[in-house]
Amino acid sequence: MRIEISRLNKIYHGGIHALNDADLTIPGGMFGLLGPNGAGKTTLMRILAGILRPTSGDLYVGEYDGNTEKGRMAIKRVLGYLPQELGVYPDLSAREFLDYIGILKGMDDRKSRQRRVSELLEVVSLTNAAHRKLKTYSGGMKRRVGIAQALLNDPKLLIVDEPTAGLDPEERIHFRNLLSELAGDRTVLLSTHIVEDVAQTSRNLAIMNNGYIIFQGTIADLTREARGKVWMVTTNGTKPQGDFTVVSTMHMGTSVQYRLVGELTSPNGAISTEPSLEDSYVWLMREKRTPVTAA
Amino acid sequence: MKQSRILLGVLAYEFKMQIRRSSLWIASIGVAALLIRSMLSEIIHSQAFGLANAPITTLVAALVFSTNLLLPIPLGVFLADRLPRDRRTRVDELFTSMPGTLRTRIVGKYLGSTLATIIPMFVSYILLIGFLLYQTHNLLSIPLVVADFVLIVLPGLLFVAAFSIACPAILWVPLYQFLFVGYWFWGNWLSPTRTGIPSLSQTILTPAGTYISAGMLGVSDVGLVKSVSFWEGLASLLLLLGIAILVLYILWRYLSWQQARQ
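Now for a quick tour of the structure. Bear in mind that the values here come from a model prediction, so they are computed numbers and not experimental data. As a convention, each chain's residues are numbered from 1 in the sequence order in which they are written. Chains carry letters and ligands carry numbers; both start at the beginning, A for chains and 1 for ligands, and go up in the order they are written. Where local features are concerned, this predicted model is filtered to residues with pLDDT of at least 70; where side-chain atom pairs are given and counted, the filter is 80 or more; whole-chain, interface and lining totals use all residues. The side-chain values count all of the structure's non-hydrogen atoms but skip hydrogen atoms and water molecules.

**Considerations on the interface of chain A and chain B**
Contacts are assigned to residue pairs with any non-hydrogen atoms lying within 4.5 Å of each other. With 34 residues of chain A at the interface, the matching set in chain B holds 30 residues. With both sides pooled, the region where chain A packs onto chain B buries about 3000 Å², and carbon together with sulfur makes up 62% of that total. Its largest share of buried area at the contact with chain B, chain A owes to Y89, Y100 and L104 of chain A, together 23% of the area lost on that side. Should a side-chain nitrogen of Lys or Arg be within 4 Å of a carboxyl oxygen of Asp or Glu, the pair is scored as a salt bridge. Summed over the shared surface of chain A and chain B, the result is five salt bridges. When the shortest N-O distance is used, the salt bridge between E96 of chain A and R20 of chain B registers 2.4 Å. By the criterion applied in these results, polar contacts are pairs of N or O atoms within 3.5 Å in which, for protein atoms, one can donate a hydrogen and the other can accept it, and in which residues neighboring in sequence qualify only through two side-chain atoms. The interface formed by chain A and chain B includes twelve residue pairs in polar contact (both at pLDDT 80 or more). Mapped by element, the contributors of at least two residues to the side of chain A that touches chain B are β1 (3–12), α2 (69–77), β6 (79–82) and α3 (94–104) of chain A. Each helix is a run of DSSP H or I of at least 4 residues and each strand a run of E of at least 2, with the numbering of both proceeding from the N terminus. The element that contributes the greatest number of residues to the side of chain A that touches chain B is α3 of chain A, accounting for seven residues. Summed over both partners, the accessible surface that disappears when two parts come together, traced with a 1.4 Å probe, is what is meant by buried area.

Right, here's the structure in full:
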């Protein structure tokens, strides 16, 4: 399901510009949306999910116009949404909560709804805890309930906002793999500020900052742009000086190895190295203040 | 996709979540026990309400009316947190992304949670039936209590429930609960003719059912200074229900407006 966004703006009360003339095309499959906190990612997600109305601009999900009530309702029917902070009724069990969500998603048939709930509880490994009240669940378990509720209606479009925040490494990996598997026959929009999550799951991505989409393309496009801007410098402990960002610092016994992103004016002893997605992201956030699109 | 099916589902879950609250049961049964102990025996044995030799229909109506002066207080108090709870638990964002409309959710919440809150009250009325059977040995009191519950009690409850669901959209819940209890005593118990303080009690808008019991069921003296016709009783009933619907409509428009301006 293809998403087309053009000249999308969102201005909150008080004149806060959360989105500025956002142009974005999201093809099918997994799509990563990266950006620092406050970049406008959640606003964009909420607009796509029909929770917020844009101030201006166009938004199409497949053939549905997100600017009309009819279009928004049609989008909601094919949507699975996992918000940044999942709300649950603490006194319901996971099974009850998912059943309730199924009802709100318009799954009329009780038996098939309950069957689907059981399937998804199995998928997210919560079958054994399905009858426990949600107030007894850990953060990770609640995130799993969140992904289960998003998948209940077998959505064509899945929007997940910061899904791995607060998860331990094992759960994060499990979650990422699950999202990648789901992306096979649907559009999955993964919004995050964790670069690794996008690196491990998405081929296509967009990067947002201050309400602008400052990059869209493939991971390969982005790393190509940062080529020649990433350096390894080994010193006896003296921190290199210059206009660059230190991405990592590694103590190697008597020496210290720095990984730097930026322009080196005198790259004596510095070794140019192949940029990772994280390096490219850092470079972009440093250098690019205006929108760019990969060729 | 039918909103009516979603409405039934919301109703069922709101009912389930509300009926499980032990504090609701404790408060309702406690108030009922207090009433039965302190008021009813006195009413039946005394000349109050002119009921000593009253027919069973009037007696039952008077008793139901009397209990209705206190029992709706737990209802108003326990419904007040239903809407803010959705904001507090952050489920409202999730629900807004789903095809079930805001209107459906409001009506489902109203009906489901009100129905659940009425159940402990109704159990209290069953206690009342037992008490009446013990006092009167008249089996006719059973259907009469049920009928009077529907006629006298229910319209006022639906009226109060609509305000208790809607007002916390703009008021802090404990403040609303405090104001509601104050309103209940002011608008039902305070006699303007005796105290000189203006009040909604003894008017067509009294949710405790003064006009309905006097006009439609012939309870001749429920503190009213004038006689009430059947039509005035009916008008009171319809007005209470009409205002409840209006309040829910305003709530829907207000929340829609809030959503749109976010």
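There's more to say after this.
**Quick notes on the pairing of strand β9 (residues 204–209) of chain A**
Residue and element names in this part refer to chain A. With respect to burial, β9 is a largely interior element, six of its six residues being buried. Covered by surrounding structure in β9 are N204, A206 and M208 together with L205, I207 and N209, the residues of both alternating faces. DSSP calls a pair of strands paired once it identifies at least 2 bridges connecting them. With six bridges connecting them, β9 and strand β10 (residues 212–218) associate as antiparallel partners. Its bridge partner being in β10, M208 is matched across the sheet by I213. Connecting β9 to the antiparallel partner β10 that follows it, the hairpin turn spans two residues, and N210 within it adopts a positive phi of roughly 50°. Three exposure classes are used, based on accessible area relative to the maximum for each residue type with a 1.4 Å probe and protein chains only: buried under 20%, partly exposed in between, and exposed over 50%.

**Topic: the side chain of T192 of chain A**
Residue and element names in this part refer to chain A. Checked against the element boundaries, T192 lands in strand β8 (residues 187–192). Taking relative accessible area as the criterion, T192 reaches 0% and is therefore assigned buried. When residues no more than four places from it in sequence are discounted, the contact partners of T192 are L33, L34, G35, K41, E162, D197 and V198.

**What about the packing of α3 of chain A against helix α1 (residues 3–19) of chain B?**
Structural elements are reduced to axes, namely lines fitted to C-alpha atoms, with helices fitted over the stretch in contact, and the angle between N-to-C directions of any two is expressed from 0 to 180 degrees. Between α3 of chain A and α1 of chain B, whose axes approach to 8 Å, the crossing angle comes to 155°. In terms of orientation, α3 of chain A lies roughly antiparallel with respect to α1 of chain B. For the pair α3 of chain A and α1 of chain B, the sense of crossing is left-handed. Where α3 of chain A abuts α1 of chain B, its residues E96, D99, Y100, I103 and L104 of chain A lie against R5, I6, G9, V10, Y13, E14, K16 and M17 of chain B. Nonpolar residues are Ala, Val, Leu, Ile, Met, Phe, Trp, Tyr, Cys and Pro. Charged residues are Asp, Glu, Lys and Arg, and all others, Gly as well, are polar. Counted by class, the contact of α3 of chain A with α1 of chain B contains seven nonpolar, one polar and five charged residues. For classification, angles of less than 35 degrees are called roughly parallel, those exceeding 145 degrees roughly antiparallel, those between 65 and 115 degrees roughly perpendicular, and all remaining angles oblique. Handedness of a crossing is defined here by the sense of rotation of the near helix relative to the far one, left-handed for an anticlockwise turn of less than a right angle and right-handed for a clockwise turn.

**Side note on the sheet that holds strand β5 (residues 64–65) of chain A**
All names here are of chain A. Spatially, β2-β1-β4-β5 is the arrangement adopted by the four strands of the open sheet, whose pairing is antiparallel. Two strands lie at the open edges of the sheet, namely β2 (16–26) and β5, each paired on one side alone. Across five bridges, the pairing between β1 and strand β4 (residues 56–61) is antiparallel. Bridge pairing in β4 places E4 opposite Y60. Lying over the sheet, helix α1 (residues 41–48) contacts β1, β2 and β4, oriented at roughly 115° with respect to β1.

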